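Chain residues, written in single-letter form:
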Amino acid sequence: MTACVLFFPIYAQQGDTIPEVPPVPEVPEVPEVPPVPEVPEVTEVPEAPEASEPSTITEYSDTTTVLSIEVIETPTNTKVTLGENEVLIVEENGDTLRIKLGSRGISIVEGKDGTEIKVLDMDDFPTSSHKHKKKKRFRAHYAGLEIGLNNYLTSENSMVLPPEDAYMDLNTGKSWNWNINIIDYGIGLGTDKVGIVSGLGFEFIYYNFNGQNGIMKDPDTREIVEYVPDYAGNITKSRMHMTYMTAPLLLEFQIPTNHKRIYISAGVMGGLKLWSNTKIKYRVSGAKAKEKTWSDYNLSPLRWGVTARVGYGAFGFYANYYMTPLFKPTMGPELYPFSIGLAFTW
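Keep in mind it's a predicted model, so treat the numbers as computed, not measured. (Residues numbered from 1 in each chain as written. Predicted model: local features only at pLDDT ≥ 70, side-chain atom pairs only at ≥ 80, totals over all residues. Heavy atoms only, no water.)

Participant: Mind laying out the overall build of the protein, listing which residues take part and the relevant values?
Facilitator: Counting secondary structure elements, the protein contains 0 helices and 17 strands. Buried residues in the protein amount to 29% of all 346 residues. As displayed, the protein has an accessible area near 24,700 Å², and 59% of this comes from carbon and sulfur atoms. (Helix = DSSP H or I, 4+ residues; strand = E, 2+ residues; numbered from the N terminus. Buried < 20%, exposed > 50% of the residue type's maximum accessible area, 1.4 Å probe, protein only. Areas by Shrake-Rupley, 256 points an atom, 1.4 Å probe, with all protein chains shown as cover.)

Participant: Describe the packing of aromatic side chains, naming the residues involved and giving the relevant values.
Facilitator: Counting across every chain of the model gives 5 aromatic pairs. An angle of 55 degrees between the planes, with centres 5.7 Å apart, marks the rings of Phe-315 and Phe-344 as tilted. Note that Phe-315 is positioned in strand 16 (residues 315-322) and Phe-344 in strand 17 (residues 336-345), a separation of 29 residues in sequence. Taking relative accessible area as the criterion, Phe-315 reaches 37% and is therefore assigned partly exposed. Judged by relative accessible area, Phe-344 falls into the partly exposed class, the value being 34%. (Phe/Tyr/Trp six-rings, centres within 6.5 Å; stacked < 30°, edge-to-face > 60°.)

Participant: If you had to explain the environment of Gly-270 to someone new, which residues and values would you point to?
Facilitator: Tracing the backbone through its elements, the reader meets Gly-270 in strand 13 (residues 261-284). Taking the C-alpha atoms as reference points, Gly-270 and Met-245, 25 residues apart in sequence, are found 8.3 Å from one another. When residues no more than four places from it in sequence are discounted, the contact partners of Gly-270 are Met-245, Thr-246, Ala-247, Arg-303 and Trp-304. (Contact = heavy atoms within 4.5 Å.)

Participant: Got a sec to walk through the pairing of strand 15 (residues 302-312)? Specific residues and values, please.
Facilitator: Residues Arg-303, Gly-305, Thr-307, Arg-309 and Gly-311 of strand 15 are buried on one face, while the alternating residues Leu-302, Trp-304, Val-306, Ala-308, Val-310 and Tyr-312, pointing to the opposite face, are not. Taken together, the 11 bridges between strand 13 and strand 15 define a ladder with antiparallel strand orientation. Within strand 15, the residue paired with Ala-266 across the bridge is Ala-308. Judged from the 8 bridges that link them, strand 15 and strand 16 form a sheet pairing that is antiparallel. For Tyr-312, the partnering residue across the bridge sits in strand 16 and is Phe-315. (Pairing = 2+ DSSP bridges.)

Participant: Requested: an account of the environment of Glu-203, with residues and values cited.
Facilitator: Tracing the backbone through its elements, the reader meets Glu-203 in strand 9 (residues 194-208). Expressed as a C-alpha distance, the spacing of Glu-203 and Asn-181, which sit 22 residues apart in the sequence, is 8.3 Å. Not counting residues within four places of it along the chain, the set of residues in contact with Glu-203 comprises Asn-177, Trp-178, Asn-179, Met-242, Thr-243, Tyr-244, Thr-246, Arg-303, Asn-320, Tyr-322 and Ser-339.

Participant: Describe in detail the nonpolar core, supporting the description with residues and values.
Facilitator: Tyr-152, Met-168, Tyr-207, Ile-215, Met-242 and Leu-326 are the most contacted members of the largest nonpolar core, which totals 18 residues. Elements with a contribution of two residues or more to this core: strand 9 and strand 12 (235-256). In terms of residue count, strand 12 provides more of this core than any other element does, 3 residues in total. If we skip the residues at most four places from it in the chain, Tyr-207 touches Asn-150, Asn-151, Tyr-152, Leu-170, Ser-175, Ser-238, Arg-239, Met-240, Met-242, Leu-326 and Pro-337. Core analysis: the next-biggest nonpolar cluster, separate from the first, contains 7 residues, Phe-138, Leu-250, Met-269 and Tyr-322 among them. (Core = buried A, V, L, I, M, F, W, Y, C linked by side-chain atoms within 4.5 Å.)

Participant: How would you summarise the confidence of the model for the protein if you had to cite specific residues and measurements?
Facilitator: Summary statistics for the protein give a mean pLDDT of 80 and a share of 65% for residues scoring 70 or more. Note that residues 1-17 has pLDDT below 50 and, in this model, 0 contacts with residues that lie over four places away or in other chains. With pLDDT under 50 throughout, residues 53-67 is counted as low confidence; its partners more than four residues away or in other chains account for 2 contacts. (pLDDT = per-residue confidence, 0-100.)

Participant: I'd like to hear about a positive patch on the surface, residue by residue, with values.
Facilitator: Taken together, the side chains of Lys-174, Lys-237, Lys-281, Arg-283, Lys-288, Lys-290 and Lys-292 define a basic patch exposed on the protein surface. Counting residues per element, the ones that place at least two in the positive patch are strand 13 and strand 14 (287-294). Considering every element that reaches the positive patch, the biggest residue donor is strand 14, with 3 residues. With respect to the helices and strands, Lys-174 occurs in the loop between strand 7 (144-153) and strand 8 (176-188). (Patch = residues over 30% accessible without salt bridge, like charges linked within 9 Å, V, L, I, M, F, W, Y side chains within 5 Å. Salt bridge = Lys/Arg side-chain N within 4 Å of Asp/Glu carboxyl O. Lys, Arg positive; Asp, Glu negative; His and termini not counted. Charge placed at Lys NZ, Arg CZ, Asp CG, Glu CD.)

Participant: If you had to explain the side chain of Asn-213 to someone new, which residues and values would you point to?
Facilitator: For Asn-213, the position within the fold is in the loop between strand 9 and strand 10 (214-217). In this structure Asn-213 comes out as buried when scored by relative accessible area, which is 5%. With near-sequence residues (within four places) excluded, Asn-213 lies in contact with Tyr-167, Glu-226, Tyr-227, Val-228, Ile-235 and Ser-238.

Participant: So what about a nonpolar patch on the surface? Which residues, and what values?
Facilitator: A cluster of nonpolar side chains, namely Leu-189, Leu-251, Phe-253, Ile-255, Ile-262, Ile-264, Val-310, Tyr-312, Phe-315, Phe-317, Leu-342 and Phe-344, defines an oily patch on the protein surface of about 1,000 Å² accessible area. Ranked by residues supplied to the nonpolar patch, first place goes to strand 12 with 3 residues. Mapped onto the fold, Phe-253 is located in strand 12.

Following this line, the structure appears as structure tokens:
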């Protein structure tokens, strides 16, 4: 490109002076720029070797193995077990596939008419090993509620008391026996149909006297004697109550039926006395009143006897007879308690 310089004419009149043009100042020299030092070459960084994957990874956890899972494959089926229980069985035979999952099973059959699916009985899956088959447990029949009646026998096995002991005569229909057997434990003798049974319970005994009297300790001899209060003739109820803690040892047999079992058991029963008292209810001038006395009444603190039970399912009968006398020897009439009634097990 060519630079063009334009000149503009300046016309001055005569006598005018032309001002001097000031000199153009000199431009200072630009100092030389020092040369840029050369940048040293960057050395190559060696490549890091690839990390090799560890062959074994160790993990730490708080997990505890409780059950083991096992897969068993045979030419005819595949079984998956969890612990000792078979949870999955798959059997394939030609056009038939049978699958068991837990307690359910189905079969799938490919036929000429199409695919048929039906529900199977678990008996269609025979187990090849008895170790996975759950054995039936022997179930005891003792824990539950028992309701019955009380009485006692003389040393001659009679319910008729001698004249000197007539004050101990009972109103059997009102002499109740309540037993609460809170726990039981059964040990099968190699089978679920025969076993040893034990447990723990409480026996509540009520003796309702038939006459206008109660019982008491003689102040001098400390023996049990008849107590006839001043208000005799107005007595509406006179009874003695005692509570024993009981524990049996029984041999039980069971007979299977369609749905439930018949059970028969017999053995011995032990008892520990916890407390005892007497209560007399009477009327005075038409008003109700009562007299209650706590005492040991010379009752045997420990006693044992024989017991038998028979029933079907949760319903049955029981009978107890104690070989230990009701009172301590020579401290009261020689009487041997017994009770019979209904049993409801749970």
